[in-house]
Structure formats: structure tokens, C-alpha cells
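Each chain, letter by letter, is given below.
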Amino acid sequence: MIYEIVRHIFISTSRSAAVPELWTLDHFTRMPASWEWSPHALEVMRLANSSLIRFEHSYVSSLHLILGLLEVQKGGAAHVLKKAGLSADVLERVLASRNDPPEKVTLHNGIPLGESARMVVLRADFEAQSLKHTYLTPVHLFLGVLMEKTGGAADLLASLHTDLDKMGQDALEFDGY
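Residues numbered from 1 in each chain as written. Predicted model: local features only at pLDDT ≥ 70, side-chain atom pairs only at ≥ 80, totals over all residues. Heavy atoms only, no water.

1. So, the nonpolar core
Point 1. One finds Trp 37, Leu 65, Ile 66, Leu 81, Leu 91, Leu 141 and Phe 142 to be the most contacted residues of the largest nonpolar core, which totals 42 residues.
Point 2. The element best represented in this core is helix H3 (residues 39-55), accounting for eight residues.
Point 3. Residues within four places of Leu 65 in sequence aside, it is in contact with Val 44, Met 45, Ala 48, Val 60, Ala 117, Val 120 and Val 145. (Core = buried A, V, L, I, M, F, W, Y, C linked by side-chain atoms within 4.5 Å. Buried < 20%, exposed > 50% of the residue type's maximum accessible area, 1.4 Å probe, protein only. Helix = DSSP H or I, 4+ residues; strand = E, 2+ residues; numbered from the N terminus. Contact = heavy atoms within 4.5 Å.)

2. Structural notes on unusual backbone geometry
Point 1. Here Gln 73, not a glycine, exhibits a phi torsion of approximately 55°, which is positive.
Point 2. Examined against the element boundaries, Gln 73 turns out to sit in the loop between helix H4 (62-72) and helix H5 (75-83).
Point 3. The exposure class of Gln 73 is exposed, given its relative accessible area of 59%.
Point 4. Positive phi, close to 60°, is recorded for Lys 132, a residue that is not glycine.
Point 5. Relative to the assigned elements, Lys 132 resides in the loop between helix H7 (115-130) and helix H8 (138-146).
Point 6. Classification of Lys 132 by relative accessible area gives exposed; the value is 71%.

3. Focus on the confidence of the model for the chain
Point 1. In this model, the chain carries an average pLDDT of 81, and 79% of its residues clear a pLDDT of 70 or more.
Point 2. For the chain, the element scoring lowest by mean pLDDT is helix H1 (residues 2-14), at 39; H8 scores highest, at 97.
Point 3. Taken together, the stretch residues 1-33 has pLDDT below 50 and engages in 45 contacts with residues farther than four places along the chain or on a different chain. (pLDDT = per-residue confidence, 0-100.)

4. A word on helix H10 (residues 164-174)
Point 1. Buried within H10 we find Met 167, Gly 168, Ala 171 and Leu 172. One side of H10 carries all its buried residues, which in axial view fall inside an arc of 130°.
Point 2. Those residues of H10 hidden inside the fold are in contact with H5 and H8.
Point 3. Of the residues flanking the start of H10, the one acting as N-cap is Asp 163, its side-chain oxygen 3.0 Å from the backbone nitrogen of Asp 165.
Point 4. The first or second residue beyond H10 is Gly 176, which carries a positive phi of 85°. (Arc of directions from axis to C-beta. Polar contact = N/O pair within 3.5 Å; in protein donor to acceptor, adjacent residues only side chain to side chain.)

Here is the structure:
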């Protein structure tokens, strides 16, 4: 069932000029076994990736992941980010004003992840495992973003002057965890 949902997401979006060839279902099916992605988490990653073309960036950063979380418009992460005053429009303005700062880029199954995004995904995977969840979901990605200490997402979240631990707890509670 999950394979069919994911297959539908990528087949229906693969015809769009905004989605580069980097993201295909094959890239996700080759991810390590511990990374079982929910359809909404896959959508967050697809949206983050599609923003690369809009902003002429060369890799997905933690800021692109926040944009993906906001654009998916579902779940605790989007709810908490919006409650804190962030919107997709705000993130798009931030991303449009930035050039890709020098950052180590890792091609993970053909996906250009900047170091900040790679670390978010690793922390999200750790969070999912520590909570004994079987799928990596958007809230896990959000928790991974909240743990960033330096970088674009950390600076953006610090500018909100809010308790990041509370944001994470609120997102988990919103999603029923």
C-alpha cells in the first residue's frame, strides 16, 4: 500500500517541469532500511527539492526543509511553525535573498543534500528510532531541524524568540504522539 501511495506521488509530479530528475521513486527505495518514509515526509522532501529550481540553489538545506514542512500544510510541524509566525511566503523571501553558502554537499542516492539537510535527516531518523516509530514523518524532520545549532534554520528559528523544545513538544502532541 505505502509503495503505491509513494509511486503515485512521484508519477503524478514527475511530469512537472518544477521537479528535477534527481528525485524519483528509485532514489527513495534505495535508502537504508531504517529510513521508512511516510508519504507526507516524502512530500516534504519533494517540495524542498522543487524549491531548488525556483531559487536557483544547488542543494537542499535545512531552510528548504522548513519550506517543505510549511508547504505540505499538514501535521504538527506546519501547525507549530505557522503559530510561531512563519509562512511559506516568509521562507520564500528568505530563500530568494540567499545565495548557496559554501556547504559540503552529499549526494545521497542522487539527492543533493547540503550538510545542514543531511544532518536534519540523520537526526530525524534518530528521533523516529528513539520514539520507536516505524516511519519517518514530517514531525521527525521538524525535530531534526529544531536540533540545528548553527546555520540558516537555526538563525531563522532563533529570530522567532520562542522555546524550541516547546515547539517540538507541541508538534508531537498535535500529531498525537
